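Summary of structural features
One letter stands for each residue in the lines below.
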Amino acid sequence: MPDRRAPLRERDAELGAIAGSLEALAAGRPGVLMIEGPAGIGKTSLLAALETRAQTAGLRVLRARGSELEGDFAFGIAGQLLEPLVFTGGADELERWFAGPAAAARPLFDLELAREAVVDDAVRQQRRHGLFWLVANLSRERPLLIVVDDAQWADDASAEFLRHLATRLDRLPVLLVIASRPSGGPLLRLLAEVSTRVLRPARLSQDAVAAWVSEAFETAGDASFTEAVHRATDGNPFLVGELVREVRAQGMEPGHDASERVRTLSPSSVTTAVVVRLESLPPEAGALARALATLGEAGVEVVADLAGQPLEVATAAATALVRADILADRRTAARDTGSTPRRRAADDVGADSPPRRATDLPGAATPRRATDTPSAATPRRATDTPSASSAWHPDAPSAPADDGHRLRFAHPLVRTALYDDIPAPERRIAHGRAALALHRAGARPEQVAAQLLLAPPVREEPWALATLAAAARAALSRGVPEVATRLLARALQETGDPDVRCELLLALGRAEVLAREPDAVDHLREAVQLARTPAQRVAATVTLSRVLRFAAAGGEAVELLEEVGATLEDESLKLRIELELLAAATVSHEARRRVGAPGERWPRPSDDAFFAQFLQAAHAVEAAGQGQPATRVLELATAGVAVDPGPTHLGRHVRLLAAYAFLLSDHYDLVEQQLDALADVAAARGGAELAASVTAQRAFLAYRRGHLDDASRHALAALDPDDETGPPSAYLLPAVAGLIWVAIGTGEPPHPIVALTPTDGDSLFARHLDFAHAVLAVQQGDRELGLARLLAVGERELALGWSGPAPLAWRSQAALALDALDRRDEARPLAEEELRLAEACESPRAIGMAQRTVALLTDDPEERIAGLERAVEVLARSGADLEHARALLELGTALRRERGPGAAREPLRAAYGLAERCGATAVTERAHKELLAAGARPRRAATSGGEALTERERAVAELAAAGQTNRGIAEALFVSEKTVETHLRHVFRKLGVGSRRALPEVLDDTP
């Protein structure tokens, strides 16, 4: 009998490319190779040839295979790749592999660490980063071949990890090979911009089909038969094999009669021959195959349990299926199985629930030849089955795959054909029985949950509810809240118990908040309504109030908190409500209006140490807004963080309040200290939103200092312009304001993200956005609109009881707008009031800006010069470099007009140099013109050549020259890809090159 596994045909080009990739890796050139083609075209066979050559060359091979049922397993593909090593590695090896940043990936392989992990919004990025370094550490020991088959079914988190890896392969001795159907899935979309060699195996020619037929029948086939086979299969190797096998099974020869039969077939009908072939086997084989089709791939005991067969019966049935080429044999599975060792997950699944047979599910039909499976006292791992050597006949020509004691179909198309043949209602019941079988075997919660998602509700079964909840926790710990929401929503269908539903709804709402799904508010409201204990009610209320206060509904948050607070007797629960009310009052206009200023509702320090700290930080911001002396603001803010407020949500909020108060009192070094502390918390806990908030505050700090390049860089890093989930959160609005001030200082249009951010809303952070928009309108020539907006900002500040100019110098800006409208008589009182208030609050920045405005509105030239000199003197010690440059420019301009060019050159040169360092193009250009008018010859910035490159353009150019993709550069520099494209256009123009390939040589010659 000829070998059923036909050799590769007409694949010389692909095999050559494979050999070339391995040779390139040996020469120090890593890469990404894609094998793309329809099902059955031979992708897996090419991967097998690649793996054989790689192992011969001494490479370490990591392999994984996507599965239709496992697309929601967070980092499932990554786990397949790495678990065989991690679960078999010694202590010394694990210490090496997980050294440094790779430690962030360890919870993916350790259930205890996963349980302890903080569920935050950056877990996925943290795990992805850790996986990259784990691969990097492994590659230092031996070059790696990483193979992913059926990548169209890869989970999103693994796809992101592999894309992250692919963009950084220039640093690692790794060859990444992906095989996928053209449909692609998330991995192919993410790899689209990566430099990848793509192999697309062609369909077999009629000559290749003729050779196949000749070998299979051991005689040359009739030309009409060969042509008919080629047409029916469209040259697809898998379908050719199936059709030839079917013709042989029917005892037909490859002649005219067979060709007439074959001509009636189509590629889709060829796959149905698998179902027909199955019917010719014993009934036990059919039951086992359909059970496996439901499971996708599973341990032999689990499949036997689901099929209702004793192990020895299932063993015989599996052997028959291997001989019929329906299941993979040992040789195939040992090479490309996706199974890996798994740690016991019984605790997560619910080990204390009594084990039950899969056929005991309500409504489950008893399968054919169902024989009671041996009872298990405790759930076991799917890999804990006894050795199969006693079950398989050792001398059998073919035996079922026992690598990891798992059964697998010979090809995914076989599984699809059998699965589609099961009526839909029966499939749903079968998935429920499969879930129970996997649970009894101690399978991971995600595996069991994947079946439950496709099954009808089991209702009031503790194991099902516990499994879905555990799988949701696992998804959250891996950073995939969108998967957790589906699992928790399904869990709600399993119970009517109000207490359980309350906890599930609360967990679902929290997961939806992380996933930015709109149903979070509704589910949290329902949780509040269902809560029957004070602790439940407070937990649900606190979570809902936080969502509301950042969703422009601060007033509703206060109403909810006060309503629940009025029902409480427990002092600790009352304190939680008061803390949330204070937090709401510091971020929401409406909440502050209802609660009142912190000093009004909470006039005395609290006995609770943390609440007292929180109040001090809130009072510091209030004092700055009211225009109290900066020394008082400093005293209060310092008290607010005298003791570490901790890494909790409210603790982080206290630090942000203190940092803001330090900013308003011009203590920029203290702002940096608080932001550094928050960044440490973000790094330790993996909080993306916290990290973005810190970066947004750095952007705002850079703007206040006048460092526009830094402001732009931090703002874009915080805002992530490629994020399509909606406008920035309230914490990020200072970054948007920073981008507007960058546009004001450079004279360029604002970044497009500014137009996408609403300017009205409930957030107190939006004040800075409104103010920046108003000043921008004036600069762009719409003085009436800008003035109206400035006055509206002022009215809102005064309504809050905030008259101080340190937060928003709206009076100075309104005065300048009035002066531009020839309304100087109205302008002067505003400017003079601001100067008086600024001197009272002792802020050098506020005093200098107000003094400059008053001077500009003075009719007497000498008084104007004297006033500008005072502004320059004050701003020189303010740390606000751009405001200092503006004052120097105005002073130089006034001196040139009144005292002549000689007196003007020194302040103008100082203004020019300072503005240039700030990146304030608009100020620099005006200073340049004034210097020319003063008879000076200022150095003009280079417009071409290496000297013309800005610091950011040079950084982009150097990374591009090193081979980084636009996305890789964007990630390295924390900017958007569009920003990278813009910088590269400028680089090409300035350096006079037309492509990236010319950059290395040109940059080498550039000083």
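Residues numbered from 1 in each chain as written. Predicted model: local features only at pLDDT ≥ 70, side-chain atom pairs only at ≥ 80, totals over all residues. Heavy atoms only, no water.

Per an unreviewed UniProt entry, the protein chain goes by AAA family ATPase and derives from Solirubrobacter phytolaccae.

Looking now at the pattern of salt bridges. Counting across every chain of the model gives 50 salt bridges. Of the charged contacts, one joins Glu297 and Arg406 as a salt bridge, the two residues approaching to 3.6 Å between their closest N and O atoms. Here Glu297 is found in the loop between helix 14 (283–295) and strand 6 (298–299), whereas its partner Arg406 is found in strand 7 (residues 406–407), with 109 residues between them in sequence. Judged by relative accessible area, which is 10%, Arg406 ranks as buried. Here Glu826 makes a salt bridge to Arg823, at a shortest N to O gap of 2.9 Å. Classification of Glu826 by relative accessible area gives partly exposed; the value is 41%. Look at Arg823 and you get partly exposed, because its relative accessible area is 29%. Among the charged side chains, a salt-bridge network with shared partners connects Asp819, Arg824, Asp825, Arg828 and Asp859. (Salt bridge = Lys/Arg side-chain N within 4 Å of Asp/Glu carboxyl O. Helix = DSSP H or I, 4+ residues; strand = E, 2+ residues; numbered from the N terminus. Buried < 20%, exposed > 50% of the residue type's maximum accessible area, 1.4 Å probe, protein only.)

Another aspect to go through is the pairing of strand 4 (residues 174–180). Counting buried positions over the seven residues of strand 4 gives seven, a clear majority of the element. Of the two faces of strand 4, both are covered, the one formed by Val174, Leu176, Ile178 and Ser180 as well as the one formed by Leu175, Val177 and Ala179. Where strand 1 (residues 31–36) meets strand 4, six bridges bridge the pair, whose relative direction is parallel. Note on strand 4: the bridge partner recorded for Glu36 is Ser180. Here five bridges tie strand 3 (residues 144–149) to strand 4, and the two strands are oriented parallel to one another. Looking across to strand 4, one finds that Val148 is bridged to Ile178. For the crossover from strand 3 across helix 7 (residues 156–166) to strand 4, the handedness is right-handed. (Pairing = 2+ DSSP bridges. Right-handed = clockwise from strand over helix to strand, strands pointing away.)

Ordered in space as 2-3-4-1-5, the five strands form an open sheet in which the pairing is parallel. Of all strands in the sheet, those bounded by a partner on one side alone are strand 2 (60–65) and strand 5 (197–199). The sheet shows a mean angle of 15° between the axes of neighbouring strands, direction not considered. Sheet topology note: the strand 2/strand 3 ladder contains six bridges and is parallel. Residue Arg65 lies in a different strand from strand 3, and its bridge partner there is Asp149. In this fold helix 7 packs onto strand 1, strand 3 and strand 4, with an angle of close to 140° to the strand it touches most, strand 4. (Axes fitted to C-alpha atoms, helices over the stretch in contact; angles between N-to-C directions. Contact = heavy atoms within 4.5 Å.)

Inspection of the entire model under this criterion finds eight aromatic pairs. Ring centres of Trp741 and Phe771 lie 5.7 Å apart, and the angle between their planes is 55°; this geometry places the pair in the tilted category. Of this pair, Trp741 sits in helix 37 (residues 733–746) while Phe771 sits in helix 39 (residues 766–779), and the two are 30 residues apart along the sequence. According to the relative accessible area criterion, Phe771 is buried, its value standing at 5%. These aromatic residues form a ring-pair network of at least three members: Phe700, Tyr703, Trp741 and Phe771. We note Arg415 situated over the ring of Tyr419; from NZ or CZ to the ring centre the distance is 4.4 Å. Sitting over the ring of Tyr419, Arg427 keeps its end group 4.8 Å from the ring centre. (Phe/Tyr/Trp six-rings, centres within 6.5 Å; stacked < 30°, edge-to-face > 60°. Lys NZ or Arg CZ within 6 Å of the ring centre and 35° of its normal.)

Under the 1.5 Å per step criterion, the end-to-end length of helix 45 (residues 881–899) is 26 Å for 19 residues, consistent within 8% with the ideal 27 Å. Positive backbone phi, approximately 100°, marks Gly900, located one or two places after helix 45. (Expected span 1.5 Å × (residues − 1).)

Below, the discussion takes up unusual backbone geometry. Not every positive phi belongs to a glycine, and Glu10 is a case in point at roughly 55°. Checked against the element boundaries, Glu10 lands in the segment before helix 1 (12–26). Take Glu10: its relative accessible area is 40%, and that puts it in the partly exposed class. The phi dihedral of Asp234 is positive, around 55°, even though this residue is not glycine. Relative to the helices and strands, Asp234 is located in the loop between helix 10 (223–233) and helix 11 (237–249).

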